[in-house]
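A look at the structure
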Amino acid sequence: MFQTIFDEDIHASLLSRGDRSLSHKALQGAILITMYRDEPRFHLPSQILSALMDIDCCTAKWRHNHVLMVQRMIGSQHLGTGGTSGYQYLRSTLSDRYKIFLDLFNVSSFLLPKQYIPVLSGTLKSQLSATPHHPRNREHADSKKNCVKHLNGNL
C-alpha cells in the first residue's frame with residue numbers, strides 16, 4: 001500500500017481501475033498536509049481537506065435519508081420515479097464507491113505516529129513561512145497594500 005505513494009505507475013493503475021480519484025501529486029500533497037497539519041503553514045490547507053470530507057459526509061447522510069424516504073414512500077419493490085430500480089438502486093449508492101473524496105478519507109492509512117515524522121528543517125520552515133519577515137512575503141504585502149490603495153482611490 002505504501003508503494004503507491006512513491007510509485008506513480010502503481011498509482012496510475014489504481015486510477016485506471018477507479019480505486020483512486022486524486023492524481024499522484026494531489027495524494028502526496030494531501031499526505032504532506034495531513035502529516036504536518038500542526039505547522040502554521042498547513043493549518044488552512046488541513047482545514048480545507050477536513051471541510052471536503054465534511055461535505056462528503058453530509059452528502060452520504062443526505063443519500064441515506066433519501067433512501068429511507070423512498071422506502072417509506074414507494075417501498076422497496078417498486079420502480080423509482082426516475083426510471084431506476086428505485087430503492088435498490090439508491091441503496092447501492094450508500095457504499096464508499098460513491099464517496100466524492102474517498103482518497104482523503106484514506107490518507108490516514110498512510111500516516112505515521114508523530115514521533116516518526118521527520119521534523120522540518122529551519123530552512124524549509126522559512127521557505128514555507130507566510131510571515132512578513134521573509135523577503136518574498138514583504139514584496140507580496142507591499143503589492144497587496146498598493147492594490148488596496150489603488151482600489152480605495154478608484155472607489
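Residue indices begin from 1 for each chain and proceed along its sequence in written order. Residues qualify for local features only when their pLDDT is at least 70, as the model is predicted, and side-chain atom pairs are given and counted only at 80 or more; totals for whole chains, interfaces and linings, by contrast, use all residues. Remark: hydrogens and water are excluded; side-chain values derive from all non-hydrogen atoms of the structure.

For the rest of this paragraph, the subject is the pattern of salt bridges. Salt bridge, as applied in this entry: a Lys or Arg side-chain nitrogen positioned within 4 Å of an Asp or Glu carboxyl oxygen. Scanning the entire structure with this criterion turns up four salt bridges. Its salt-bridge partner being Arg17, residue Asp19 comes within 2.6 Å of it at the nearest N-O pair.

Attention now goes to the packing of helix H3 (residues 24-35) against helix H4 (residues 40-74). All axes here are fitted lines through C-alpha atoms, helices being fitted over the stretch that makes contact, and every angle between N-to-C directions spans 0 to 180 degrees. Numbering goes from the N terminus for both helices and strands, where a helix is a DSSP run of H or I of at least four residues and a strand is a run of E of at least two. Packing of H3 against H4 brings their axes to within 9 Å, and their N-to-C directions diverge by 115°. Crossing handedness for the pair H3 and H4: left-handed. Contact residues: H3 offers Ala30, Leu32, Ile33 and Thr34, while H4 offers Phe42, Pro45, Ser46 and Leu49. Counted by class, the contact of H3 with H4 contains six nonpolar, two polar and no charged residues. A crossing counts as left-handed when the near helix is turned anticlockwise from the far one by less than a right angle, and as right-handed when that turn is clockwise. Two residues qualify as a contact provided that any one of their heavy atoms is within 4.5 Å of a heavy atom in the partner residue. Gly counts as polar in this scheme, as do all residues outside two lists: the nonpolar Ala, Val, Leu, Ile, Met, Phe, Trp, Tyr, Cys and Pro, and the charged Asp, Glu, Lys and Arg.

Below, the discussion takes up the environment of Asp7. Looking at the secondary structure, you find Asp7 in the loop between helix H1 (3-6) and helix H2 (8-17). Note: C-alpha distance between Asp7 and His24 (17 residues apart in sequence) is 8.7 Å.

Time to look at the side chain of Thr93. With respect to the helices and strands, the residue Thr93 is situated in the loop between helix H5 (87-92) and helix H6 (102-106). Definition of a polar contact: a pair of N or O atoms within 3.5 Å, with one able to donate and the other able to accept a hydrogen when the atoms are protein atoms, and with sequence-neighbouring residues admitted only if both atoms are side-chain atoms. A polar atom in the side chain of Thr93 sits 2.5 Å from the backbone oxygen of Leu90. Contact partners of Thr93, with chain neighbours within four places excluded, come to Arg63 and Tyr98.

Next up on the list: the packing of aromatic side chains. Pairing of aromatic side chains here covers Phe, Tyr and the six-membered ring of Trp, requires ring centres within 6.5 Å, and sorts the geometry by plane angle: under 30 degrees stacked, over 60 edge-to-face, intermediate tilted. This structure, assessed with the given rule, holds two aromatic pairs. Look at Phe2 and Phe110: their rings are 5.9 Å apart centre to centre, the planes differ by 75°, and that puts the pair in the edge-to-face class. Here Phe2 is found in the segment before H1, whereas its partner Phe110 is found in the loop between H6 and helix H7 (122-128), with 108 residues between them in sequence. Overall, the relative accessible area of 42% leaves Phe2 in the partly exposed class. The buried label applies to any residue whose accessible area, calculated with a 1.4 Å probe on protein chains only, is under 20% of its type's maximum; exposed applies above 50%, and partly exposed to all values in between.

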